Every structure is written in C-alpha cells, then in structure tokens.
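Report on the structure
Take a look at the letters that make up each chain.
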Amino acid sequence: MRWNELVQQVRASGQYATDAEAERVLRTVLTVLGTHTTGDERRELVRLLPVEAAVILARQKPATRPLTAPEFVETVAARLGGLTPPAARWGVSSVLGVLADCAGEDLTRRITAVLPRGYALLFGRAELAPAAA
C-alpha cells in the first residue's frame, strides 16, 4: 500500500471532506500511537505500513505511562486543535480501524492486548471479557 492509498482509506472511513483533513488526522493518530506501541508488534506494524506512516510511527519515543483509551482520544483532540470528544473519537477510530484492517486480526489482537483496556473498541474490534464465575 502507498501513502496516498492509506490517506484515501482514512478519508473514506472517516468521511472527511478533503485529503488534507484525513491526512492531518492520520498523522496525529500515528504520532500518538507510536508512543504506545512497542516491541514486536510495533516492528510488524511498521513493516506493513507505507514508508511515510512507518516513519511517523517508528520515530516516536515510548511513553513512560500508557494512556487509557479515553486519554488517548483526549490527546489526539488536543493535538488537532481541541476537537470535541465525539469528533476526536471518530477520527481515532477511523484511523485505527484502517490500521487494523492493514495489520490483520492476529497483529491487531496482539497490539490491543498490550494496551490498556478500551483500545480494542477504538480499533473497531470487540473487547471480550471473560465471564464472571
């Protein structure tokens, strides 16, 4: 996949009016995600993405404390100029859903397994919890 194809997928998923808007959201989400993906999962995701996306993701330093899913959305909102929480969640989910499709089920499951609870939904995946005994 090439960068412009990734932007187009985010644009379609997020129903953005322009490529520039989709690219802005994509770059922001990749930047924040890059601080929260590490190890083998990060390396595998970087290999699957277009060079431009891989560079954004790979150059981020790991966070000292993982953000909760709501904090992740809030961080993206702030970086995008104070979007409302619903608009920021839409943008995050649009990008992470496209990334999940690129990564495939196995890698997406492994990525969400190392993130705090709540991220699976942002990736467009069900977050199943074990049944109470």
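Relevant structure appears above.
A brief report on the enclosed structure follows. Computed from a prediction, not measured in an experiment: that's the story for all the values here.

With respect to the overall build of the chain
Within the chain, the secondary structure is distributed over eight helices and zero strands. Reading the chain from its N terminus to its C terminus gives the helix and strand order α-α-α-α-α-α-α-α. Here the C-alpha radius of gyration of the chain, 14 Å, is about what a compact globule of 133 residues would show, namely 14 Å. Sorting the 133 residues of the chain into buried and exposed places 44% on the buried side. Considering only residue pairs separated by 6 or more positions, the chain has 63% of its internal contacts joining residues 24 or more positions apart. For the chain, the exposed area adds up to about 7,200 Å²; of that, 55% sits on carbon and sulfur atoms. Positive and negative side-chain charges of the chain, numbering 16 and 14 respectively, have mean locations separated by a distance of 5 Å.

Quick notes on the packing of helix 1 (residues 3–14) against helix 2 (residues 19–34)
At a minimum axis separation of 9 Å, helix 1 and helix 2 run at an interaxial angle of 100 degrees. Between helix 1 and helix 2, the interaxial angle falls into the category roughly perpendicular. Across from Trp3, Leu6, Val7, Gln8, Val10 and Arg11 in helix 1, the residues of helix 2 making contact are Asp19, Ala22, Glu23, Leu26, Arg27 and Leu30. Its residues assigned to classes, the contact of helix 1 with helix 2 shows seven nonpolar, one polar and four charged.

Structural notes on the nonpolar core
Among the nonpolar cores identified, the biggest contains 38 residues, and Leu30, Phe72 and Leu96 are the most heavily contacted of them. If you list the elements that add at least two residues to this core, you get helix 1, helix 2, helix 4 (51–58), helix 5 (69–79), helix 6 (85–103), helix 7 (105–114) and helix 8 (119–122).

Observations concerning the packing of helix 5 against helix 6
Viewed as axis vectors pointing N to C, helix 5 and helix 6 meet at an angle of 105 degrees, and their least axial separation amounts to 9 Å. Considered as vectors, helix 5 and helix 6 are oriented roughly perpendicular to each other. Across the interface between the two elements, Phe72, Val73, Val76 and Ala77 of helix 5 pack against Pro85, Ala88, Arg89, Val92 and Leu96 of helix 6. The residue makeup of the contact of helix 5 with helix 6, split by class, is eight nonpolar, no polar and one charged.

Here's the deal with helix 1
Over its 12 residues, helix 1 extends 16 Å from the first C-alpha to the last, a length consistent with the 16 Å expected when each residue adds 1.5 Å. Residues Trp3, Leu6, Val7, Val10 and Gly14 constitute the buried set of helix 1. For helix 1, the angular spread of buried residues about the axis comes to 100 degrees, placing them on one side. Packing partners of the buried residues in helix 1 comprise helix 2, helix 4 and helix 6. In the stretch just after helix 1, Gln15 is the one whose phi turns positive, near 55 degrees.

Looking at the pattern of salt bridges
Taken as a whole and judged by the stated rule, the model has 10 salt bridges. Ionic pairing is found between Asp40 and Arg43, a salt bridge with its closest N-O pair at 2.5 Å. One end of the pair is Asp40 and the other is Arg43, both in helix 3 (residues 39–48) and three residues apart, which spans about a single turn. Take Arg43: its relative accessible area is 46%, and that puts it in the partly exposed class. In the salt-bridge network here, residues are joined through shared partners; they are Glu41, Glu44, Asp106, Arg109 and Arg110.

Cut-offs used in this document
- Residues numbered from 1 in each chain as written.
- Predicted model: local features only at pLDDT ≥ 70, side-chain atom pairs only at ≥ 80, totals over all residues.
- Heavy atoms only, no water.
- Helix = DSSP H or I, 4+ residues; strand = E, 2+ residues; numbered from the N terminus.
- Rg over C-alpha atoms; globule rule 2.2 N^0.38 Å.
- Buried < 20%, exposed > 50% of the residue type's maximum accessible area, 1.4 Å probe, protein only.
- Contact = heavy atoms within 4.5 Å.
- Areas by Shrake-Rupley, 256 points an atom, 1.4 Å probe, with all protein chains shown as cover.
- Lys, Arg positive; Asp, Glu negative; His and termini not counted.
- Charge placed at Lys NZ, Arg CZ, Asp CG, Glu CD.
- Axes fitted to C-alpha atoms, helices over the stretch in contact; angles between N-to-C directions.
- Parallel < 35°, antiparallel > 145°, perpendicular 65-115°, else oblique.
- Nonpolar A, V, L, I, M, F, W, Y, C, P; charged D, E, K, R; others polar.
- Core = buried A, V, L, I, M, F, W, Y, C linked by side-chain atoms within 4.5 Å.
- Expected span 1.5 Å × (residues − 1).
- Arc of directions from axis to C-beta.
- Salt bridge = Lys/Arg side-chain N within 4 Å of Asp/Glu carboxyl O.

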